[in-house]
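Chains, contacts and geometry: an overview
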Amino acid sequence: MDNNREQWGSKLGFTLASVGAVIGIGAIWKMPYIAAKTGGGAFFIAFFILTFVIVLPILIGEYIIGRSSKGDAIKAYKVLSPQTHWNWVGKLGVLGSSLVLAIYGIVGGWTLAYIVKVLTGSVSHIDKAQLSLQFSLTTANTAIAITGTGIFILLNILIVSQGVRAGLETVSKIVVPMLFILLIILTIRGLTLPNALSGLGHFLKPDFSAINSETLLLILGQSFFSLSVGISLMVTYGSYLNHTINIPKTSSIIVLLNFFLSILVALAIFPALLSFGLSPDEGPGILFVVLPSIFNQLPFGTTWFVAFLVMFFVAILSSSFSLLETATAPFINRFKSRPLATWVVGGVIFLVAIPATLSFGIWSDITIFGQTIFRAIDYVTTNIIFPIGALFTAIFVGFKLPRQALFDEFTSSSGLGRKSFMVWLLLLKYIAPIAIILIFLSATGIISF
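Worth saying up front: this structure is predicted, and the values here are computed from it rather than measured. Residue positions within a chain follow its written sequence, with the count starting from 1. Where totals are concerned, whole chains, interfaces and linings use all residues; where local detail is concerned, this predicted model gives features only for residues with pLDDT of at least 70, and gives and counts side-chain atom pairs only at 80 or more. Computation of side-chain values: all heavy atoms of the structure, hydrogens and water removed.

Here we come to the overall build of the protein chain. Within the protein chain, the regular secondary structure consists of 18 helices and two strands. C-alpha atoms define the radius of gyration in this analysis, and the globule rule sets the expected value at 2.2 Å times the number of residues to the power 0.38. A globule of 449 residues ought to have a C-alpha radius of gyration of about 22 Å, and the protein chain, at 21 Å, matches this closely. Based on the C-alpha atoms only, the size of the protein chain along its principal axes is roughly 60 × 50 × 45 Å. The classification of residues rests on relative accessible area computed with a 1.4 Å probe and restricted to protein chains. Under 20% of the type maximum is buried, over 50% is exposed, and intermediate values are partly exposed. The buried share among the 449 residues of the protein chain stands at 59%. Charge counting treats Lys and Arg as positive and Asp and Glu as negative, with His and both chain ends excluded. A charge is said to be at NZ when it belongs to Lys, at CZ for Arg, at CG for Asp and at CD for Glu. In the protein chain, 25 side chains carry a positive charge and 15 a negative one; their mean positions are 8 Å apart. What counts as a helix is a DSSP run of H or I of at least four residues, what counts as a strand is a run of E of at least two, and both are numbered from the N terminus.

Within the sequence span of helix α17 (residues 403–411), burial applies to Leu406, Phe407, Glu409, Phe410 and Thr411. One or two positions beyond α17, positive phi appears at serine 413, with a value near 60°.

Two quantities define a packed helix pair, namely the angle between the helix axes and the distance between the axes. Relative to each other, helix α1 (residues 11–22) and helix α14 (residues 301–335) sit at 105°, their axes nearing to 7 Å. By the angle between their axes, α1 is roughly perpendicular relative to α14. Between α1, through Gly20, Ala21 and Val22, and α14, the contact on the second element is made entirely by Ala315, Ser318, Ser319 and Ser322. Along the lines of polarity and charge, the residues of the contact of α1 with α14 split into three nonpolar, four polar and no charged. Axis definition: a line fitted to C-alpha atoms, over the contacting stretch in the case of helices. Angles run 0 to 180 degrees between N-to-C directions. In what follows, roughly perpendicular refers to angles from 65 to 115 degrees, roughly parallel to angles under 35, roughly antiparallel to angles over 145, and oblique to any angle outside these ranges. Any two residues whose heavy atoms approach within 4.5 Å at even a single point are treated as in contact. Gly is placed with the polar residues, together with every amino acid not listed as nonpolar (Ala, Val, Leu, Ile, Met, Phe, Trp, Tyr, Cys and Pro) or charged (Asp, Glu, Lys and Arg).

Residue count minus one, scaled by 1.5 Å, sets the expected span of a helix. Here helix α10 (residues 213–226) contains 14 residues, and its C-alpha end-to-end distance of 20 Å stays within 8% of the 20 Å for a straight helix at 1.5 Å per residue. Of all 14 residues that make up α10, ten are buried, and the element is covered over most of its length. Within the span of α10, buried status applies to Thr215, Leu217, Ile219, Leu220, Gly221, Gln222, Ser223, Phe224, Phe225 and Ser226. Within two residues after α10, serine 228 carries a phi angle of roughly 55°, on the positive side.

Here the focus is the packing of aromatic side chains. Pairing of aromatic rings covers Phe, Tyr and the six-membered ring of Trp, with a centre-to-centre limit of 6.5 Å; geometry is then stacked below 30 degrees between planes, edge-to-face above 60, and tilted otherwise. In total, this model carries 27 aromatic pairs according to the counting rule given. An angle of 90° between the planes, with centres 6.0 Å apart, marks the rings of phenylalanine 399 and tyrosine 430 as edge-to-face. Highlighted residues: phenylalanine 399 in helix α16 (residues 373–400) and tyrosine 430 in helix α18 (residues 418–443), separated in sequence by 31 residues. On the basis of relative accessible area, tyrosine 430 is assigned to the partly exposed category, the value being 40%.

With 153 residues, the main nonpolar core has Tyr237 and Trp424 as its most contacted residues. Residue contributions to this core peak at 18 residues, all from α14. Residues in contact with tryptophan 424, not counting those within four places in the same chain, are Pro57, Ile60, Gly61, Ile64, Val397, Leu406 and Phe410. The nonpolar core is taken to be a set of buried Ala, Val, Leu, Ile, Met, Phe, Trp, Tyr and Cys residues, with the residues joined through side-chain atoms within 4.5 Å.

So, on to a nonpolar patch on the surface. Taken together, Ile45, Phe48, Ile49, Val53, Phe208, Leu256, Phe399, Leu426, Tyr430 and Ile431 make up a surface patch of nonpolar side chains, about 900 Å² in accessible area. Counting only elements with at least two residues in the nonpolar patch, the list comes to α3 (41–69) and α18. Broken down by element, the nonpolar patch gets its largest block of residues, four residues, from α3. Residue class for phenylalanine 399 comes out partly exposed when judged on its relative accessible area of 49%. Patch membership needs two things, relative accessible area over 30% and no salt bridge, and members are linked within 9 Å if like-charged or within 5 Å if nonpolar (Val, Leu, Ile, Met, Phe, Trp, Tyr). In these tables, accessible area is a Shrake-Rupley quantity obtained with a 1.4 Å probe, and a residue counts as shielded only by the protein chains included in the view. Salt bridge, as used here: a side-chain nitrogen of Lys or Arg that lies within 4 Å of a carboxyl oxygen of Asp or Glu.

Let us look at the side chain of serine 68. Within the secondary structure layout, serine 68 lies in helix α3. Overall, serine 68 belongs to the buried group, its relative accessible area being 18%. Polar contacts, as counted here, are pairs of nitrogen or oxygen atoms within 3.5 Å of one another; within protein the pair requires one atom able to donate a hydrogen and one able to accept it, and residues that are adjacent in sequence qualify only if both atoms are side-chain atoms. Side-chain polar atoms of serine 68 contact the backbone oxygen of isoleucine 64, separated by 2.6 Å. Polar contacts involving the side chain of serine 68 include one to the main-chain carbonyl oxygen of isoleucine 65, which spans 3.4 Å.

This paragraph deals with the environment of glycine 190. Looking at where glycine 190 falls in the secondary structure, it is placed in helix α8 (residues 164–191). Judged by its relative accessible area of 5%, glycine 190 is buried. The spacing of glycine 190 and leucine 274 is 84 residues in sequence and 9.9 Å in space, taken between C-alpha atoms. Residues within four places of glycine 190 in sequence aside, it is in contact with Ala196 and Pro271.

Within the secondary structure layout, valine 229 lies in the loop between α10 and α11 (233–238). Residue classification places valine 229 among the buried residues on the basis of a relative accessible area of 0%. Linking valine 229 and phenylalanine 312, residues 83 residues apart in sequence, is a C-alpha distance of 21 Å. The residues contacting valine 229, other than those within four sequence positions of it, are Val55, Ile58, Leu59, Glu62, Phe224, Phe386 and Ala390.

Listed below in structure tokens is the structure:
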């Protein structure tokens, strides 16, 4: 156990960093599509319940692994279960974090490119078809794609190399409040559009007829991945916690803030879509094609689009440097230097991102199991690494760690008793693993509902 390990400077700093870590691409370009498909208001009700019953218990478990071991994603399992192969869960998490960061780097690069394009007027006052063409040309441009990805990953390296307090915590205290402020501004603007309120009210009215076994799995998958559970990210963040932090309470606050942010994203996006009679798309199309076509028809549309792009950039940046921290932490002692480890790991991830970003251009004909490199990486992380990592995390915490040690960590500074502990343990050991297995089997097409 590393008693000299860095620690968060404050509970607020840790909470903001954790909230920033879970705000990512999925919350902004995947959530609107899933919400529209799964009954509007019914989605948010089911999302809330499933998150607290299934995902929250594993989140608490990851924090407990990190704090009790004071180790990085790999070392944590070695400390808690020496001379076993459980550290492969951490290794899988490091791999997953690296691959997800490669994807984030590419999308972050696109966002930077679009901020420049909007400011220079090259995507202003053009229709949806032209915007779609512009997006294809941008992503296929080798120089723009690689340069944008490189700048984005460089920003992450500069932040993570500064350490936990000076880097992660300090930047999180700036960018996460900024994200909420920008979202609130965009929400207010969206709600003032013609017919937005009536359309939003109709949309948010729960349609429980859309809820079935298939859509429940879809909602659970969104909830599961929105909190970055399964890639040892929160194990890493938990390793910097001291015992004055109430893990169950703080985890619940993080989940609530994540839910509140999901509501804000919906209020920022849906009114604009509904006001213009459009339905949400899944993926980058909603950000770089659909929404720009709306902003181009609004007074001061360029200003609003820049604000939206900045909000999105801040969101993915706050998530991405947590991914780099997870990937870098196991190598800090090996390199005897945090900055050197960060530059090496960040450099390797940039090299991994290059083939993925070229899959939109000169390497678009290269496929892995019938998918482009970018989509193959996205599929492996989303449908394989996340669920397997979370499944084994739940099993490790629930069945491998001593019950008294778990009880001590769960109740430390929390005031919670044995009844609360037993409810959490029941959810972690049995309910969560069953749900994860169902998601995994459904996502891979082994079973259907």
